[in-house]
Amino acid sequence: RVDEWTDVDRKRVMNDIITTMFNKKFMEELFKPQDLYSKKALRTVYDRLAHASIMRLNQASMDKLYDLMTMAFKYQVLLCPRPRDILLVTFNHLDAIKDFISDAPGILNQVDETFRRLIETYNCLSDGEFQLIRQTLLIFFQDMHIRVSIFLKDKVQNSNGRFVLPISGPVPWGTEVPGLIRIFNHKGVEVKRAEFTTAGNYVTPQREGSFELYGDRVLKLGTNMYSVTRPVETHMSGSSKNLASQAKENIAPNPLAKEELNFLARLLGGLDIQKPTGGETGFRLNLFTTDEEEEHAAQTRPEELSYKVINIEATQEPGRRAELSRILGELEVAEPRPDSAEKGEDLLALMDGL
């Protein structure tokens, strides 16, 4: 509701969520070598991050937001010209996040630290390693075919929720436009050429995207996909409804479930939901046109597909409770003080973040 949602509120919510998301200890946990999260674990982390501010979402709006996020990211990974471009997509995400908090140097420093860590960790990987990463991500999303209105209107998604791969446009950087076959002899000398026609209209990219902290990424995947303001609807396709039966597998006992929950307990120790203080009532974000639509979506959505937040129970083990308390203390983020009496406090806070 525009009349209730001011720029100050929007900025506060974005600052709260980004501060929590890029907390140093949280990032350290994410960068540790580990298996890919399960869908339930990812949803749990996402719920906690989305509610890290005074903003609140009902279950139906949360489901819709999660569906939009997962399908948009699947689209970006699927259409990457080459596996290494996954990193450029991530950099586009971070560039956009930095624009949100450009006037908050302390938070901006947190994002830049993550940026540098991504460059240090992933820039040195081979093309084969990036292909394994891309394959792993696509396997994670392969059964998710939720229709999104913006993709349907742009004709990049079919009515069954599957994405349409383009057969024209720029070829991956470092490759040539299809249409030429070279034949070499046993000494590696080219002896013959043959040409063939292609169905697509391919072009050679002018330059490679920048993998540095600042620069032109060239690749547009991962940038703002809204050219104009328009409502975004997510719809369950027929194939997606089959997820209901697959979701029941999560209900069955899993030998790795306990270990994963223990990890989540460590990971989420500091992602406390911010509760409005004093006279604040908080803001409720509704991703539907009306409250009635949101209520209807909540009633009609299959129960098996409505993710529930995992409750971590640590009261029975004093050792684990103490460990969670320690992590909670490490992840606490102090509220920024714009009216600081000391001129050097902002600079000191910025240096402390380094």
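Use the structure listed above.
Residues numbered from 1 in each chain as written. Predicted model: local features only at pLDDT ≥ 70, side-chain atom pairs only at ≥ 80, totals over all residues. Heavy atoms only, no water.

Visitor: Just checking my understanding: could you explain the environment of Thr 19 for this structure?
Guide: If you trace the backbone, Thr 19 turns up in helix α1 (residues 7-21). In the structure, Thr 19 is positioned 33 residues away from Ala 52 in sequence and 9.1 Å away in space, judged by C-alpha atoms. (Helix = DSSP H or I, 4+ residues; strand = E, 2+ residues; numbered from the N terminus.)

Visitor: I'm lost on the pairing of strand β4 (residues 180-184) in this one. Help?
Guide: Along a regular strand, successive side chains alternate from one face of the sheet to the other. As paired elements, β4 and strand β5 (residues 190-195) share five bridges and run antiparallel to each other. Bridged to Leu 180 within β5 is Glu 195. What sits between β4 and β5 in their antiparallel hairpin is a turn of five residues, with Gly 188 showing a positive phi close to 85°. (Pairing = 2+ DSSP bridges.)

Visitor: Which parts of the structure should I look at to understand the nonpolar core?
Guide: Across soluble globular proteins, nonpolar side chains have a tendency to be buried as a group. In terms of nonpolar packing, the biggest core is built from 45 residues, with Phe 91 and Phe 151 touching the most fellow members. Taken together, the elements giving at least two residues each to this core come down to α2 (24-31), α3 (39-50), α4 (59-78), α5 (85-100), α6 (105-122), α7 (127-141), β2 (146-148) and α8 (149-153). Once residues lying within four places of it in the same chain are set aside, the contact partners of Phe 151 are Met 71, Ala 72, Tyr 75, Val 156, Gln 157, Phe 163 and Met 225. Val 13, Ile 17, Ala 50 and Tyr 66 belong to the second largest nonpolar core, which has ten residues in total. (Core = buried A, V, L, I, M, F, W, Y, C linked by side-chain atoms within 4.5 Å. Buried < 20%, exposed > 50% of the residue type's maximum accessible area, 1.4 Å probe, protein only. Contact = heavy atoms within 4.5 Å.)

Visitor: What should I look at first to understand the packing of aromatic side chains in this one?
Guide: Between two aromatic rings, the relevant description is the distance of the centres plus the angle of the planes. Summed over all chains, the structure comprises seven aromatic pairs. Note on Phe 73 and Phe 141: the rings are 5.8 Å apart at their centroids and 65° apart in plane angle, and the pair reads as edge-to-face. With Phe 73 in helix α4 and Phe 141 in helix α7, this pair connects stretches of sequence that are 68 residues apart. Under the relative-accessibility criterion, Phe 73 is labelled partly exposed at 23%. On the basis of an interplanar angle of 35° and a centroid distance of 4.8 Å, the ring pair of Phe 91 and Phe 115 is categorised as tilted. Taken together, the positions of Phe 91 in helix α5 and Phe 115 in helix α6 put the pair 24 residues apart, joining distant regions of the chain. Judged on exposure class, the residue Phe 91 and its partner Phe 115 are both buried. Feature note: the residues Phe 73, Phe 140 and Phe 141 constitute an aromatic cluster, connected by ring pairs. Of note, Lys 39 hangs over the ring of Phe 140, and the distance from its end group to the ring centre comes to 4.5 Å. When the ring centre of Tyr 66 is taken as reference, the NZ or CZ atom of Arg 43 above it lies at 5.0 Å. (Phe/Tyr/Trp six-rings, centres within 6.5 Å; stacked < 30°, edge-to-face > 60°. Lys NZ or Arg CZ within 6 Å of the ring centre and 35° of its normal.)

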